[in-house]
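Overview (structure and organization)
One letter stands for each residue in the lines below.
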Amino acid sequence: MSTGRPGVRAGVIDWAIAVGVAATLLVTGLSKPHSAASLDLLGYALLTVGGLALVARRRAPVPVLAVTGLCAAGYQAAGFDVPAVAYLFAVYAAVRAGHRVVTVAGSAAMLASLPFAAMASGLHDTGEAFAQARGALEIAWLIAAGAAGEALRQAERRADEAERTREETARRRADEERLHIARELHDSLTHQISVIKVQAEVAVHVARKRGEQVPEALLAIQEAGREAMRELRATLEALRDDDTAPPPGLDHVPELVKRARTSGLDTMLTIEGERCDVPAAVDRTAYRIVQESLTNVARHAAATRASVRIDYRPDALAVRVDDDGEAAQGTAPTPGIGLLGMHERVTALGGRLRAAPRDGGGFTVQAELPVDRTP
């Protein structure tokens with residue numbers, strides 16, 4: 001249920017503006033000499049009504065435009081040479097409400113009537129009457145400029161809001177598409193790979209139970225099935241990585257190292273510096289770098305040892321993964337999907353990534369992710 005607070009706040013603002021304009025008109029009227037002293041009471045009344053009429057400018061912009069215009073002409077005729085400030089506020093409100101034709105017609109009538117109103121106040125010099133009419137609107141044009149600026153500001157605010165809405169919509173659609181892909185992968189590939197993995201394990205088990213030699217091809221299928229399941233799970237975790245569940249981060253790196261050791265890769269984890277909280281994007285990116293690097297080592301490097309080093313620095317988080325594989329110094333690495341993905345993640349955070357063979361053989365992946373420590 002709506003509390004109505006925005007409407008109450010707008011009403012308070014309307015009253016504040018109306019009272020302020022009425023007070024300004026009255027003070028200006030009191031500070032200037034009048035050409036027709038017998039009409040003072042009428043002039044003060046018109047100044048007050050013209051200002052207070054602005055309270056209704058949102059609900060009834062056209063009637064307010066007419067009332068403020070008539071009041072401006074009336075107090076000019078009563079001998080009050082006061083700028084038509086209230087009328088300019090009414091013009092702004094009417095134009096903003098979309099009544100452009102009515103506003104133009106009313107303003108033309110207003111401009112034509114002011115000289116005659118000035119002459120009705122007792123001025124017999126036509127030139128002086130036109131000068132007084134022009135003076136009635138000079139300061140008001142400044143108010144109009146301010147009102148136009150406010151309209152522009154609100155238009156820019158609405159444009160920014162529309163841009164944020166578009167970004168949120170695009171992000172939501174991307175999340176929905178990512179989850180849809182995850183469901184498709186889970187429904188199609190997971191079942192098939194599970195069948196292959198189970199059948200291979202059953203065949204290996206039966207052969208060993210019978211005392212037969214297990215074919216190398218069958219063992220390779222068994223291991224490939226296990227690895228495919230691990231890769232698929234990692235892919236599904238990445239696709240389902242959203243705000244509903246905390247994504248893996250630096251706290252999960254020891255699990256990656258343990259998994260690498262289980263697969264036969266002698267892996268060592270070293271953490272340097274004073275451990276502290278880092279932004280979620282940095283935390284997630286560091287985990288993905290270690291994950292992808294160890295996966296590449298296991299699949300392509302033909303390595304026996306690997307090291308993971310995480311260094312907490314004052315203004316950055318450094319991640320380095322080394323292996324003793326077959327990569328030779330001077331050979332350029334093939335930029336696969338994994339390396340490209342790591343580079344995109346690091347670049348998006350304003351960091352630096354180096355992936356190249358190292359001296360003495362082997363490969364190194366080194367990333368430096370900036371961390372803002374400003375509280």
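As the structure is a prediction and not an experimental result, all values here were calculated from the model.

1. A short note on the confidence of the model for the protein
Caution applies to low-pLDDT regions: their predicted coordinates should not be interpreted in detail. Within the protein, residue pLDDT values average 77, and 75% of them lie at 70 or more. Confidence scores differ between elements of the protein, with helix 6 (residues 126-209) showing the lowest mean pLDDT of 68 and strand 3 (residues 316-323) the highest of 94.

2. Quick notes on the nonpolar core
Considering soluble globular proteins, one finds that nonpolar side chains tend to be buried as a cluster. Counting residues in each nonpolar core, the largest one holds 30 residues, and the members touching the most others are Leu250, Val253, Val290, Leu294, Val308 and Leu317. Those elements that place two or more of their residues in this core are helix 8 (253-262), helix 9 (280-301), strand 2 (305-312), strand 3, helix 10 (337-348) and strand 5 (363-370). The leading source of residues in this core is helix 9, at 7 residues. Setting aside residues up to four positions removed in sequence, Val253 forms contacts with Leu269, Tyr287, Val290, Val308 and Ile310. Membership of the second largest hydrophobic core comes to 25 residues, among which are Val64, Tyr75, Leu88 and Ala90.

3. Side note on the pattern of salt bridges
The final tally for this structure, using the stated rule, is 9 salt bridges. Notably, a salt bridge pairs Asp14 with Arg57, separated by 3.1 Å at the nearest N-O pair. Of this pair, Asp14 sits in helix 1 (residues 5-31) while Arg57 sits in the loop between helix 2 (40-52) and helix 3 (61-77), placing them 43 residues apart in sequence. Just as Asp14 is buried, Arg57 falls in that class too. With its nearest N and O atoms 2.5 Å apart, the salt bridge here joins Glu272 to Arg309. Of this pair, Glu272 sits in strand 1 (residues 266-272) while Arg309 sits in strand 2, and the two are 37 residues apart along the sequence.

4. Points about a nonpolar patch on the surface
Side chains of Trp15, Val19 and Leu52 sit close together on the surface and give an oily, nonpolar patch of about 290 Å² of accessible area. Judged by relative accessible area, which is 35%, Leu52 ranks as partly exposed.

5. Thoughts on the pairing of strand 2
Here strand 1 pairs with strand 2 via 7 bridges, running parallel. Bridging from a neighbouring strand, Asp266 pairs with Arg305 of strand 2. Relative to strand 3, strand 2 is paired through 7 bridges, and the arrangement is antiparallel. Each residue of the ladder has a partner; that of Arg309, found in strand 3, is Arg320. Between strand 2 and strand 3, which pair antiparallel in sequence order, lie 3 residues.

6. Concerning the side chain of Thr267
Looking at the secondary structure, you find Thr267 in strand 1. On the accessibility criterion, Thr267 (1% relative accessible area) is buried.

Analysis parameters
- Residues numbered from 1 in each chain as written.
- Predicted model: local features only at pLDDT ≥ 70, side-chain atom pairs only at ≥ 80, totals over all residues.
- Heavy atoms only, no water.
- pLDDT = per-residue confidence, 0-100.
- Helix = DSSP H or I, 4+ residues; strand = E, 2+ residues; numbered from the N terminus.
- Core = buried A, V, L, I, M, F, W, Y, C linked by side-chain atoms within 4.5 Å.
- Buried < 20%, exposed > 50% of the residue type's maximum accessible area, 1.4 Å probe, protein only.
- Contact = heavy atoms within 4.5 Å.
- Salt bridge = Lys/Arg side-chain N within 4 Å of Asp/Glu carboxyl O.
- Patch = residues over 30% accessible without salt bridge, like charges linked within 9 Å, V, L, I, M, F, W, Y side chains within 5 Å.
- Areas by Shrake-Rupley, 256 points an atom, 1.4 Å probe, with all protein chains shown as cover.
- Pairing = 2+ DSSP bridges.

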